[in-house]
Amino acid sequence: MIKATIQNNSYCTEIDFPCTETELLEKLGEIGIDKEHLAPTGMVIDIEPAELSVLTDCEVSLDALNYLGKRMDGMEHLEEEQFLAVLSCNELNIDWGLKNIINLTFNLPHYTLIKDTNDLECAGRTHLLNIRGCLFVSEAENKEWLAEEGKKLIDSGKGIDTEYGTLFVNEEIIFDEMFKGSVFPPYYCDPNALAFAEVSFHGETELVDLPNEDIAIKKAIARLGADSIQDCDIGIDDVV
């Protein structure tokens, strides 16, 4: 979860992300932003976790910050530590704006986080699962091979110490720009959703959890660059 103090003009409010459209609309009203605004922005005054402090004093899209909150909320514990370790690593010399931070959530395999560099078998397993996504049963049971892979990684000398463990950059895995700054990449994030509306325009698609407020559909259409819902293709993905 993200906790952020957001300012608009002389008004401030604290918002927990992710939040529903209803909750966001209520908060927008507290800081004097029109509830019908299809691309609300605000100044970040304070934010948690601290690794997101690069966003402090920045004017950001509140919908994008909410989307980041959804992405983080869907992470497992080790993925979250991996994510935060990358953000905390100044040695990477990356300009972590909100766009890049959202893209990082889709590119965690570009980085391997090793919690204990003395456990070579665990290091090898962690690294291979990270870059490959899975292991064959024979591989998972081959402790000697896993330890060798772990030793190769540790002995590469490319590890960067962070408070979360030792971080390695996997240069062979391309950092893919899934989010280009406007349309949010499809993400099935609400376990309570009865269905998802797939709103498409000119080859781009956004997902909207259903049921949802009309404003959620309007925002998706605006981000896609369409003038109205009549310009879009609408599909329903029933998850019930």
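Refer to the structure printed above.
This is a predicted model, so every value here is computed, not measured.

### What to know about the pattern of salt bridges
Where charged atoms from two side chains of opposite charge approach closely, those side chains can pair.
Moving on, step 1. Taken as a whole, this structure holds 13 salt bridges when the rule is applied.
Moving on, step 2. Across the pair Lys27 and Glu30 runs a salt bridge whose closest N-O atoms are separated by 3.8 Å. With Lys27 and Glu30 both in helix 1 (residues 21-30) and three residues apart, this pair spans about one turn of that helix.
Moving on, step 3. Accessibility expressed as a relative area gives 39% for Glu30, which makes it partly exposed.
Moving on, step 4. Its salt-bridge partner being Glu36, residue Lys218 comes within 3.8 Å of it at the nearest N-O pair. Of the two residues, Lys218 sits in helix 8 (residues 214-224) while Glu36 sits in the loop between helix 1 and strand 3 (41-48), which places them 182 residues apart along the sequence.
Moving on, step 5. Given a relative accessible area of 42%, Lys218 falls into the partly exposed group.
Moving on, step 6. Of the residues examined, Glu36 reaches a relative accessible area of 49% and is grouped as partly exposed.

### What about the side chain of Asp63?
Moving on, step 1. As for its placement among the helices and strands, Asp63 is situated in helix 2 (residues 62-73).
Moving on, step 2. Of the polar contacts made by the side chain of Asp63, one reaches the side chain of Lys219; its length is 2.8 Å.

### Here's the deal with a nonpolar patch on the surface
Moving on, step 1. A cluster of nonpolar residues, Ile229, Ile234 and Ile236, forms a patch on the protein surface that exposes about 270 Å² of accessible area.
Moving on, step 2. By the element assignment, Ile236 lies in strand 10 (residues 233-238).
Moving on, step 3. For Ile236, a relative accessible area of 55% puts it in the exposed group.

### Topic: unusual backbone geometry
Trans is the common state for peptide bonds, and a negative phi is the common state for residues other than glycine.
Moving on, step 1. Following Phe17, the chain continues into Pro18 via a peptide bond in cis, with omega recorded as 5 degrees.
Moving on, step 2. The topology assignment puts Pro18 in the loop between strand 2 (11-17) and helix 1.
Moving on, step 3. At the junction of Leu210 and Pro211, the peptide bond is cis and its omega measures out at 0 degrees in the coordinates.
Moving on, step 4. Among the structural elements, Pro211 can be located in the loop between strand 9 (204-210) and helix 8.
Moving on, step 5. Of note, Asn9 is a non-glycine position whose phi angle comes to about 55 degrees, a positive value.
Moving on, step 6. Position of Asn9 among the secondary structure elements: in the loop between strand 1 (2-8) and strand 2.
Moving on, step 7. Positive phi, normally seen in glycine, also occurs at Asn93, with a value near 55 degrees.
Moving on, step 8. Structurally, Asn93 is set in the loop between helix 3 (77-88) and helix 4 (98-105).

### Concerning the pairing of strand 10
Moving on, step 1. Burial of strand 10 is sparse: only zero of the six residues sit out of reach of the surface.
Moving on, step 2. One ladder, built from six bridges, connects strand 8 (residues 195-201) with strand 10; its direction is antiparallel. Residue Phe196 lies in a different strand from strand 10, and its bridge partner there is Asp237.

### Side note on the sheet that holds strand 10
Moving on, step 1. Pairing is antiparallel across the open sheet formed by three strands, whose spatial order is 9-8-10. Each edge of the open sheet is held by one strand with a lone partner, namely strand 9 and strand 10. Going from strand to strand, the sheet's axes swing by 25 degrees on average, the running direction of each strand aside.
Moving on, step 2. Along the sheet, helix 8 contacts strand 8 and strand 9; its crossing angle with strand 9, the most-contacted strand, is approximately 170 degrees.

### Digging into the packing of aromatic side chains
The geometry of an aromatic ring pair is captured by the separation of the ring centres together with the interplanar angle, meaning the angle of the planes.
Moving on, step 1. Inspection of the entire model under this criterion finds four aromatic pairs.
Moving on, step 2. For the pair Tyr67 and Phe184, a centre-to-centre distance of 4.7 Å together with 10 degrees between the ring planes defines the contact as stacked. In this pair, Tyr67 is assigned in helix 2 and Phe184 in the loop between strand 7 (165-169) and strand 8, connecting sequence segments 117 residues apart. Neither Tyr67 nor Phe184 differs from the other in exposure class; each is buried.
Moving on, step 3. With 5.6 Å between their ring centres and 40 degrees between their planes, Phe179 and Phe184 make a pair best called tilted. Comparing Phe179 with Phe184 shows no difference in burial state: the two are buried.
Moving on, step 4. Each residue in the set Tyr67, Phe179, Phe184 and Tyr187 is aromatic and connected to the rest through ring pairs, giving one cluster.
Moving on, step 5. Over the face of the ring belonging to Phe106 we find Arg71, whose NZ or CZ atom lies 3.7 Å from the ring centre.
Moving on, step 6. Over the ring of Tyr187 we find Arg71, and its NZ or CZ is 4.5 Å from the ring centre.

The rules behind these values
Residues numbered from 1 in each chain as written. Predicted model: local features only at pLDDT ≥ 70, side-chain atom pairs only at ≥ 80, totals over all residues. Heavy atoms only, no water. Salt bridge = Lys/Arg side-chain N within 4 Å of Asp/Glu carboxyl O. Helix = DSSP H or I, 4+ residues; strand = E, 2+ residues; numbered from the N terminus. Buried < 20%, exposed > 50% of the residue type's maximum accessible area, 1.4 Å probe, protein only. Polar contact = N/O pair within 3.5 Å; in protein donor to acceptor, adjacent residues only side chain to side chain. Patch = residues over 30% accessible without salt bridge, like charges linked within 9 Å, V, L, I, M, F, W, Y side chains within 5 Å. Areas by Shrake-Rupley, 256 points an atom, 1.4 Å probe, with all protein chains shown as cover. Pairing = 2+ DSSP bridges. Axes fitted to C-alpha atoms, helices over the stretch in contact; angles between N-to-C directions. Contact = heavy atoms within 4.5 Å. Phe/Tyr/Trp six-rings, centres within 6.5 Å; stacked < 30°, edge-to-face > 60°. Lys NZ or Arg CZ within 6 Å of the ring centre and 35° of its normal.

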